[in-house]
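Listed here are the chains, written in short residue letters.
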Amino acid sequence: MKFFDLHADIGDDVVKKHLNHETHVLKRYHLDKLRQGGFEGVCMASFFDGHETWQDMQLEILALEAELNESNDFVRVLNAEDLYSNKIKALMSVEGMCGILDDEVNKIQWLYDHGIRLATLTWNEGNALANGVKGQADKGLSAKGKNVIHKMNQLHMIADVSHANEKTFWDIMNLSDGLVIASHSNCRTLCNHPRNLDDEQCLAIKAKGGLIGMNSARYFVDQNEADQTVAKLAEHAAYLKTLVGVETIACGFDFMDFFEDGIGTAAKGIETALDAPRFALALADAGFSELEIEKICYTNVIEKFSSYLK
């Protein structure tokens, strides 16, 4: 089974190891695991938790860009054609734009020029552009944030609402005329976590032609530790199949095993990229057909991204 993961904080891992004077991070730490897990595509996120400056953002993005440019194993996804490469497809993304305090339109252009094709405006914090799930509940997009969405639409950069609070989520939905996804969020009906989506939000993403990536982080899978399993994650997909249809479901595993503090954060049975085939098996056990599993694990992303990216 082939997989395309909508969210992995690999950019963050790359820059941290570069600052520790390590090189060839993708080849040494990620390539074999992705290959063995069946990954033919992954959105590599540069992650910013709310305290970083614009210069910090640039440093991390340039570090990942450099690694991808020097690699013979990955293709940097810049347009629709790149999604059909025989190499592992790496689409650069941004999780959080806390470093953008001014000149927002030109800075979005800089992100695009350096390969970013998918982005959230916030992580969990509130910033100059928008509010995440731990930001101010009554505040969504700022005027600068609206400028960012307009620029992203112009560039065909995909907007990601996974960390947005409800006000920001609906502001983006009402403003954007482009592709909007939730790269790594599950169903709030099955697990009442603020990072998960309620039914109305899921339906809104479907209406935009978007995707919802199933997140293996255990606290988003179930509130009870005993039920934080790959089988329960497949139940989220089954719930979405009934609610919004298979074409809206994808994988956004958010694996964190490559971080020192990431061990133990994932649901049982799907803790690293090596375990992705277990998710496909869990989907089969939950009643999904082989074609449906292929759509969820890979082809939904290829089809929707290739129809949107320039």
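Reading guide: rules and limits
Residues numbered from 1 in each chain as written. Predicted model: local features only at pLDDT ≥ 70, side-chain atom pairs only at ≥ 80, totals over all residues. Heavy atoms only, no water. Helix = DSSP H or I, 4+ residues; strand = E, 2+ residues; numbered from the N terminus. Rg over C-alpha atoms; globule rule 2.2 N^0.38 Å. Buried < 20%, exposed > 50% of the residue type's maximum accessible area, 1.4 Å probe, protein only. Contact = heavy atoms within 4.5 Å. Areas by Shrake-Rupley, 256 points an atom, 1.4 Å probe, with all protein chains shown as cover. Lys, Arg positive; Asp, Glu negative; His and termini not counted. Charge placed at Lys NZ, Arg CZ, Asp CG, Glu CD. Pairing = 2+ DSSP bridges. Salt bridge = Lys/Arg side-chain N within 4 Å of Asp/Glu carboxyl O. Expected span 1.5 Å × (residues − 1). Bend = angle between axes of the 7 residues up to and from the residue. 1 Å grid on protein atoms, 1.4 Å probe; cavity = no way out; pocket = protein on both sides within 12 Å on 5 of 7 lines; lining within 4 Å. Points joined across faces, edges and corners; volume = space filled by probe spheres on them.

(A) Summary view of the overall build of the protein chain. A count of helical and extended segments in the protein chain gives eleven helices and nine strands. At 18 Å, the protein chain has a C-alpha radius of gyration in line with the 19 Å of a compact globule built from 310 residues. Split into buried and exposed, the 310 residues of the protein chain put 62% on the buried side. Within the protein chain, counting contacts between residues at least 6 apart in sequence, those at least 24 apart form 73% of the total. Put simply, the protein chain shows about 12200 Å² of open surface, and 49% of that area lies on carbon and sulfur atoms. Looking at the protein chain, you have 30 positive and 47 negative side-chain charges, and the mean spots of the two groups are 3 Å apart.

(B) Inspection of the environment of Arg35 at higher detail. Looking at the element boundaries, Arg35 is found in helix α2 (residues 25-37). Sequence separation between Arg35 and Ala273 is 238 residues, and the spatial gap between their C-alpha atoms is 8.8 Å.

(C) Summary view of the pairing of strand β1 (residues 3-8). Across the six residues of β1, six count as buried, placing the element largely inside the fold. Pairing geometry for β1 and strand β2 (residues 39-47), over four bridges, is parallel. The partner of Asp5 across the bridge, within β2, is Val42.

(D) Geometry of the pattern of salt bridges. In this structure the tally under the stated criterion is 14 salt bridges. Here Asp73 ties to Arg35 by a salt bridge, and the two come within 3.0 Å at their closest N and O atoms. With a gap of 38 residues between them, Asp73 in the loop between α3 (54-70) and β3 (74-76) and Arg35 in helix α2 connect regions that are remote in the sequence. Using a relative accessible area of 47% as the deciding quantity, one classes Arg35 as partly exposed. A salt bridge links Glu235 to Lys232; the shortest N-O distance between them is 3.2 Å.

(E) Structural detail: helix α11 (residues 290-306). Here α11 contains 17 residues, and its C-alpha end-to-end distance of 22 Å stays within 8% of the 24 Å for a straight helix at 1.5 Å per residue. Its axis deflected by about 60° at Ile296, α11 carries its strongest bend there. By the criterion of burial, α11 is predominantly enclosed, with twelve of the 17 residues buried. Those residues of α11 that sit buried are Glu292, Ile293, Lys295, Ile296, Cys297, Tyr298, Asn300, Val301, Ile302, Lys304, Phe305 and Ser306.

(F) Summary view of empty space enclosed by the protein. The full count for this structure, using the stated rule, is four cavities of 30 Å³ or more. If you trace the largest cavity, you find it lined by Asp5, Ala8, Ile10, Tyr29, His30, Lys33, Leu34, Val42, Phe255, Asp257, Phe258 and Ala273. If you list the elements that add at least two residues to the lining of the largest cavity, you get β1 and α2. Ranked by residue count, the leading element in the lining of the largest cavity is α2, at four residues.

(G) Structural detail: the layout of surface pockets. As a volume, the largest pocket reaches approximately 620 Å³. If you go around the largest pocket, you meet 26 residues; those closest to its centre are Asp9, Phe47, Trp123, Asp254 and Met256. Elements supplying a minimum of two residues to the lining of the largest pocket: α1 (10-19) and α8 (218-221). Take the lining of the largest pocket: its biggest share by element is three residues, from α8. Of the voids in this model, the second largest pocket is the one considered here, and its volume is about 210 Å³. Lining the second largest pocket are Asp12, Val15, Lys16, Leu19, Phe47, Phe48, Asp49, His51, Glu52, Asp56, Leu59 and Glu60.

(H) Seen up close, helix α9 (residues 230-243). Between the first and last C-alpha of α9 there are 20 Å, a value that for 14 residues agrees with the 20 Å anticipated at 1.5 Å per step. When α9 is considered as a whole, its buried residues turn out to be Val230, Lys232, Leu233, Ala234, His236, Ala237 and Leu240. Each element contacted by the buried residues of α9 is listed here: α7 (199-207), β8 (212-214), α8, β9 (249-251) and α10 (276-285). Backbone geometry just downstream of α9 places Gly245 in the positive-phi region, at approximately 95°.

The values are spatial; any link to function lies outside them.
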